[in-house]
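Architecture at a glance
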Amino acid sequence: MPYDFSAIEPKWQKAWADSKIFEVEVDHSKEKFYCLEMFPYPSGALHMGHLRNYSIGDLLARFLRMQGLNVLNPMGFDAFGMPAENAAIKNKTAPSDWTWSNIEHMTQQLKHAGYSYDWRRRVETCNVNYYRWNQWLFLQFYKKGLVYRKHAPVNWCDKCQTVLANEQVVDDGVCWRCGTPVTKRDLDQWFIRITDYAQELVDCLDDLKGWPERVVTMQRNWIGRSEGVHFEMDIADTDLKLEAFTTRIDTIFGVTFVAMAAEHPYVEKFAEMAGGEKAAEMRAFAKRMASRSTIERTAVSTDKEGMDTGFFAVNPVTGEKSPIWIADYILTDYGTGAIMGVPAHDQRDFDFARKYNIPVITVVRPVDEPAPDGATMPAAVAADGVACNSGFLDGLPTEEAIARAAEWFEEHGKGKKEVQFRLRDWLISRQRYWGTPIPMVYCDHCGIVPVPEEQLPVELPLDIEMPANGGNPLAQRPDWYNTTCPVCGGPARRETDTIDTFFCSSWYFDRYTSPWSTDMPFDKEAAAYWMTVDQYIGGIEHACLHLIYARFFTKVLSDLGLLPADMREPFKRLLTQGMVIKDGAKMSKSSGNVVDPDEIIKKFGADTARLFILFAAPPEKDLDWSERGVEGANRFLGRVWRLVEQNLDGLRTASAERAAMDSLTLPAERDMKRIIHSTLDRVTKDIREERQFNTAVARLRELTNALISFAPEDAKGWSIKREGVETLLCCLSPFAPHITEELWHQLGNEDFLSVHRWFEVDKGALVEDSATVVLQINGKVREQFTVSAGLSKEDLLAEVMSREETKKRLEGKEIVKTIAVPGKLVNIVVKG
């Protein structure tokens, strides 16, 4: 009968679902394994990137389940966010209707692919049963002092009409979602003190041994820990002091100007003090600078712009005055938003100084060379060497000079040593509708008041009309935002901002452990059993967004007692799969090179699609899409099908009892047994230890060829062939579960192969019967021949010396020395 995947695949999907074989519970008698892929946004349809991600995860889940582990493999949807609002406007529908429709459609797509999820645990972040716990967690963070509201310059996307966290400003200073250049605005916003955990976020990176080094490095750089000195400079002729932070306090003698960010609060103070045209000029310049993208302002190659404020900072060491400038390349996101300009040793400072005719003073020279002339040097020079033109620091190597300068500042009460981070507090307010409402109200009498826990959830109204020009429709719904104060009972107004969707994805993996929990976000005992995630799989694009937030959340939840005290990291092992490439570019709608997974599954079947994806490239590498590769995967499955079908009578009647190696006398049977178990051994290691799934498939192709060629001569031979076919189906099952399940049952087996115990390797079958030995005479290879494997040195030498060919070669020669290496070579040293 032909291989009819269109009938076989839905048959087994239904059988698995009806038997509930993938549903799991806490079982302390079994070793657990939590296998998780990053959950998708319900955009409407799966793409090939999804299929690759989930096929990798499902292979591991199926393999480890067959190895006897208690495997949790859940799926859900990251369902809030801007795209739903945009789609609602475009399609003239409600975001909730659009989102839920997509969730159901994508769920069916995932089921048609045969993924072994415990579908009882599906989580949708737009479900009130989920986002009520977002609100509850927000309140716990608030009680712990980790949530605050402040007026601050924030990243603003005009197209999305919302603010963005620093981590959501990517590439060349654009919005991570729509690519629009990001500007700065001053707004009252909600923040989470992720910086309270910055040091631990850095320290714990050393424990992430199962993470790609690339991701660890990206996180380390993003968090950006630096040690330096925080100090103040008097502003001449005023009562003001300007704060600054530097990692190179030893270069304080080289300061020739001070630069401030356009967003620095002193810009407005200086404008007020200057008055007149100067004030207007200063405000206009600062506004223009603040509107430019981060990359545009900070790129080394960009022509620097600045404006002299007319005010001067007093050097705390030398007492000299340096002009204070507003400079485009200074940002408020790091340090204090003001820097000491040392143009001799910083290229951006140098370019700025040369443009505005600011002096350059060299304060570090090479070890064996004089200091460059600041007036004529063509570019900034390295700041590592020996201090010069630096008063009490002269002659000190850089490391000693930094330490001595820091001591001086602390001794004189001018500053203090401090650790700072590039990481800023997490801005979570979003001026949009489709998200978790922030559970806070504003009362004229009581101020800002949290919604009591017993009044949660603050539900999102679903009868919303999306404004065509963007913006937040919640702010236009007085029937929703007008409320009463929980404290005094007077009139109050709900917060209309919603929570950043990365909040939703920072703890969803905890919710999967007990999504039916109604009195807490998740059951503590269930989370303690299943967490941490043993294998997490997803794209590299989340290295500095989702992964940092998820790590932070886990530490806070541990401190709140919701997770065990020693559970500080969420993901033990991380795999970042490569992209799917077609026609030389990443597969995407914008590139016009998308292949629809539904069409591939409809034409070739889910097993073919999965097998191609897992065979075409190692999981961490990019995968080149190939129609010929898909057809090749389909042909291979057809060969497996015919192998069983054409031998079905013999296989069904053959003994399922596995013959011991020492009971086999025919060389062909012994060779076949050895191939079966060496393949099983290598495939097991490829999946469990190396995560190299493509090499495992290659080995299974070789085993298939060997089984097709093997012709049994007797009942024992048919038993060996059945053993080989069952081993092939077992090893192929995590890659192509439907066809293997069907063939497994055609052999007469009654249990599900998907949960059958993975076969054990017969170590005795891995020992070779024979070995190829090289004969050398005076170190030169003369011939190769086969001997019995396992011969000792003495027996090997005796067998070689007894051969007529060897005797002829040694005739008339004096044997000086013999060397024998069992299973490899015999070298005979002769004279004559």
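Relevant structure appears above.
Turning next to the packing of helix H2 (residues 48-66) against helix H18 (residues 606-615). It is at 9 Å that the axes of H2 and H18 come closest, and there the two elements cross at 90 degrees. Of the possible angle classes, the one that applies to H2 and H18 is roughly perpendicular. Residues Met 48, Leu 51, Arg 52, Ser 55, Ile 56, Asp 58, Leu 59 and Arg 62 of H2 touch H18, and the partners they reach there are Ala 609, Arg 610, Ile 613 and Leu 614. When the residues that make up the contact of H2 with H18 are grouped by side-chain class, the tally is 7 nonpolar, 1 polar and 4 charged.

As a further point, take the nonpolar core. Phe 138, Trp 426, Phe 552, Ile 687 and Phe 735 are the most contacted members of the largest nonpolar core, which totals 184 residues. No other element matches the 10 residues that H2 contributes to this core. Residues within four places of Ile 687 in sequence aside, it is in contact with Leu 59, Leu 60, Phe 63, Phe 693, Ala 696, Phe 735 and Trp 758. In terms of nonpolar packing, the next biggest core, distinct from the first, is built from 40 residues, Phe 270, Met 307, Ile 324 and Ile 326 among them.

For the rest of this paragraph, the subject is H18. With 9 of 10 residues buried, H18 is to be regarded as a mostly interior element. Burial in H18 covers these residues: Ala 606, Asp 607, Thr 608, Ala 609, Arg 610, Leu 611, Phe 612, Ile 613 and Leu 614.

With that out of the way, let us pick up the sheet that holds strand S20 (residues 429-430). The antiparallel open sheet is built from 3 strands, whose spatial order is S20-S26-S21. Here the strands that pair on one side only, and so sit at the sheet edges, are S20 and strand S21 (436-437). Bridge count for S21 against strand S26 (residues 498-499) is 2 bridges, and the pairing is antiparallel. Along S26, the bridge assignment pairs Pro 437 with Thr 498.

Let us now look at the packing of aromatic side chains. Scanning the entire structure with this criterion turns up 46 aromatic pairs. Plain terms: the ring middles of Trp 426 and Phe 552 are 6.5 Å apart, the flat faces sit at 75 degrees to each other, and that makes the pair edge-to-face. Placement of the pair is Trp 426 in strand S19 (residues 426-427) and Phe 552 in helix H16 (residues 546-559), with a sequence separation of 126 residues. We note that Trp 426, like Phe 552, is buried. Each ring, one from Tyr 536 and one from Phe 571, has its centre 3.9 Å from the other, and the planes form 15 degrees; the classification is stacked.

What follows covers the side chain of Asp 58. Secondary-structure assignment places Asp 58 in helix H2. Classification of Asp 58 by relative accessible area gives buried; the value is 0%.

This part is about the packing of H18 against helix H24 (residues 737-746). At a closest axis distance of 7 Å, the pairing of H18 and H24 adopts a crossing angle of 120 degrees. When the axis of H18 is compared with that of H24, the two are oblique. Contacts between H18 and H24 involve Ala 606, Asp 607 and Arg 610 from the first element and Pro 737, His 738 and Ile 739 from the second. Residues of the contact of H18 with H24, tallied by class, amount to 3 nonpolar, 1 polar and 2 charged.

A few words now on the sheet that holds strand S9 (residues 183-192). Strand order in the open sheet formed by 4 strands is S6-S5-S9-S19, and the pairing between neighbours is antiparallel. Of all strands in the sheet, those with a lone pairing partner are strand S6 (162-164) and S19, marking the two edges. Taken together, the 10 bridges between strand S5 (residues 147-157) and S9 define a ladder with antiparallel strand orientation. Each residue of the ladder has a partner; that of His 151, found in S9, is Asp 188.

The next thing to look at is the pattern of salt bridges. Any two side chains of opposite charge can pair, so long as their charged atoms come close to each other. By the definition in use, this model includes 44 salt bridges. Here Glu 723 ties to Arg 658 by a salt bridge, and the two come within 3.7 Å at their closest N and O atoms. Separated by 65 residues along the polypeptide, Glu 723 in helix H23 (residues 715-732) and Arg 658 in the loop between helix H20 (648-653) and helix H21 (667-690) bring together distant segments of the chain. By relative accessible area, Arg 658 is classed as partly exposed at 27%. Put simply, Glu 200, Arg 551, Lys 555, Asp 559, Arg 568 and Glu 569 are held in one network by salt bridges that share partners.

Of note, the bond from Leu 456 into Pro 457 is cis; its omega dihedral lies within 30 degrees of zero at 5 degrees. With respect to the secondary-structure elements, Pro 457 resides in the loop between strand S23 (447-450) and helix H13 (478-481). The phi angle at Lys 20 is positive, at roughly 60 degrees, despite the residue not being glycine. As for its placement among the helices and strands, Lys 20 is situated in the loop between helix H1 (5-19) and strand S1 (32-37). The backbone phi angle of Arg 691 is positive, close to 55 degrees, even though this residue is not glycine. Within the element layout of this structure, Arg 691 appears in the loop between H21 and helix H22 (693-709).

Here we take up empty space enclosed by the protein. Using the criterion set out here, one finds 4 cavities of 30 Å³ or more in the structure. Its volume calculated, the largest cavity comes out at about 80 Å³. Along the wall of the largest cavity there are 13 residues; nearest its centre are Met 82, Leu 164, Trp 176, Arg 177 and Arg 432. Across the lining of the largest cavity, the residue classes tally to 5 nonpolar, 4 polar and 4 charged.

Reading the values: the criteria
Residues numbered from 1 in each chain as written. Predicted model: local features only at pLDDT ≥ 70, side-chain atom pairs only at ≥ 80, totals over all residues. Heavy atoms only, no water. Axes fitted to C-alpha atoms, helices over the stretch in contact; angles between N-to-C directions. Helix = DSSP H or I, 4+ residues; strand = E, 2+ residues; numbered from the N terminus. Parallel < 35°, antiparallel > 145°, perpendicular 65-115°, else oblique. Contact = heavy atoms within 4.5 Å. Nonpolar A, V, L, I, M, F, W, Y, C, P; charged D, E, K, R; others polar. Core = buried A, V, L, I, M, F, W, Y, C linked by side-chain atoms within 4.5 Å. Buried < 20%, exposed > 50% of the residue type's maximum accessible area, 1.4 Å probe, protein only. Pairing = 2+ DSSP bridges. Phe/Tyr/Trp six-rings, centres within 6.5 Å; stacked < 30°, edge-to-face > 60°. Salt bridge = Lys/Arg side-chain N within 4 Å of Asp/Glu carboxyl O. 1 Å grid on protein atoms, 1.4 Å probe; cavity = no way out; pocket = protein on both sides within 12 Å on 5 of 7 lines; lining within 4 Å. Points joined across faces, edges and corners; volume = space filled by probe spheres on them.

Structural measurements only, silent on function.
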